[in-house]
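A look at the structure
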Amino acid sequence: MSPLTKTSARITPVGAPVRTMTHRITRTPSAPVIRGLGVAVPEHSIRQHEAAEIAADLIASEERSKRAIATLYRRSGVASRHCAILEAPVDGPPATQDFFRPRTSPADGGPSTGRRMALYEQSATRLAVAAARRALAESDLAVDRITHIVTATCTGFSAPGFDLGLIEQLPLPRGVQRTQVGFMGCHAALNALRVAQAYCKADPRANVLVCVTEICSLHFQYNEQPQTIVSNALFADGAAAAVVSSDHSERSSCVNGDAWRLGDHASFVVPNSADLMSWRIGDHGFEMTLSPRLPDLIAERLAPWVDAWLARQGLARQEVRSWAIHPGGRRILAAAAESLALTSEQMAPSEQILRDFGNMSSPTVLFILRELQRRRAGLPAVMLAFGPGVTIEAALVR
């Protein structure tokens, strides 16, 4: 008889035949564990005031535009950013760039999408491999134990992509199963973690490498509209990786003695909001639409939805001890803090990542999760991110 079954006998009258019933004991699997996290950024960075000067030289048509660029960059909440387009300085800092050239006419849109994608292909794999190696080292899991890869990106396309670069350079087993989460925007890390969680729940032997990589700096736009300047001021480059495992008997990433486990996920597409945020492919890079009405929408709609979701998990908002909120910008963070009634201490990790790295799109929320681990933050924690739609994605870490 299987050790997972037991036999029970009913009490029956003397002489009556004895009937037995077999009950299968079902074991509810515990939540998958985040065994390791790793992050990576390009080698060179630039201070925000230096980036504003470069932007003004590239696109400003008059002095008033230069002043507007300086003001919007200063108010962005970003102090420095790492960018793949930057080159080592010739005579010391700051770093320089030669990919974008000053606009020659109002019709000049800068490098073509084809040229930008060529640089994406060179840069994405390098960052992805660096982040994945760090996540694997922290997980203490041999690379040949990885059964699945889940990758996410929205800033470039190539086939073969950086998922195959991971197989070649780590190297991973040739039979590893691959899934690509494409063009979902800044919340795609949460979508990728959801796929990894599903694999782990379906297969008790699964060890999933999640890797999200974005080269946002390629999509600098030659446009003097305030919304475009804000986008140019925020975005940066980075990669983050996580090893998610359904095998809980071995070592896993722990903080304060507790394993960090993936709990419930949730998603909400806000009605009548599709025109507030978009990300589309143009002839000169990918073009962002970011409405100034977006922070007000988040301030209004975020808390009721989060509260209803947490209630289904048996939690009240006040019981959440840590928050990793994607910093779409300083106003987005302020709107989330207002809606959720979060303290400056609770917002500090998200604000720090925005200040030190900028908005790296999908990897950013994993940078914040890593910062929470570094701070030995308490659990449960909630990850939140926002993307085109407008879509809100959430994940619970217990």
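Going by the annotation in an unreviewed UniProt entry, the name recorded for the protein chain is Naringenin-chalcone synthase, with Lacipirellula parvula given as the source organism. Taken directly from UniProt, the Sequence similarities (unreviewed entry) text for the protein chain runs: "Belongs to the thiolase-like superfamily. Chalcone/stilbene synthases family."

1. Section: the nonpolar core
Ranked by size, the top nonpolar core spans 92 residues in total, and within it Leu166, Ile325 and Leu384 carry the most contacts. Residue contributions to this core peak at 11 residues, all from helix H3 (residues 113-139). Counting the residues that make up this core, at least three belong to each of domain 1 (33-245) and domain 2 (262-397). Ignoring sequence-local partners within four residues, the contact set of leucine 166 consists of Ala128, Val129, Ala132, Ile149, Thr151, Pro171, Leu172, Leu209 and Cys211. By size, the runner-up hydrophobic cluster in this structure holds 39 residues, among which are Ala152, Leu190, Leu366 and Ala395.

2. Some words on the sheet that holds strand E9 (residues 177-182)
An order of E3-E11-E10-E8-E9 is seen for the 5 strands of this open sheet, with the pairing classed as mixed. Where the open sheet ends on each side, the last strands, each with one partner, are strand E3 (33-40) and E9. The mean inter-strand angle of the sheet, taken between neighbouring strand axes irrespective of direction, is 15 degrees. In terms of strand pairing, strand E8 (residues 148-153) meets strand E10 (residues 207-215) through 5 bridges, oriented parallel. By the bridge assignment, valine 150 is partnered in E10 with valine 210. Sheet strands touched by helix H10 (residues 364-374): E3, E10 and strand E11 (237-245). Its angle to E3, the strand with the most contacts, is close to 115 degrees.

3. Some words on the packing of H3 against helix H4 (residues 162-169)
Taken N-terminus to C-terminus, the directions of H3 and H4 make an angle of 50 degrees; their axes are 9 Å apart at the nearest point. In terms of axis orientation, H3 runs oblique to H4. Note on packing geometry: the crossing formed by H3 with H4 is right-handed. For the pair H3 and H4, the contacting residues are Tyr120, Ala124, Thr125, Ala128, Val129, Ala132 and Arg133 in the first and Phe162, Gly165, Leu166 and Gln169 in the second. Partitioning the contact of H3 with H4 into residue classes produces 7 nonpolar, 3 polar and 1 charged.

What counts and what doesn't
Residues numbered from 1 in each chain as written. Predicted model: local features only at pLDDT ≥ 70, side-chain atom pairs only at ≥ 80, totals over all residues. Heavy atoms only, no water. UniProt positions renumbered as here; feature names shortened; annotations may be inferred. Core = buried A, V, L, I, M, F, W, Y, C linked by side-chain atoms within 4.5 Å. Buried < 20%, exposed > 50% of the residue type's maximum accessible area, 1.4 Å probe, protein only. Helix = DSSP H or I, 4+ residues; strand = E, 2+ residues; numbered from the N terminus. Domains from an automatic or database assignment. Contact = heavy atoms within 4.5 Å. Pairing = 2+ DSSP bridges. Axes fitted to C-alpha atoms, helices over the stretch in contact; angles between N-to-C directions. Parallel < 35°, antiparallel > 145°, perpendicular 65-115°, else oblique. Left-handed = near helix turned anticlockwise from the far one by under 90°. Nonpolar A, V, L, I, M, F, W, Y, C, P; charged D, E, K, R; others polar.

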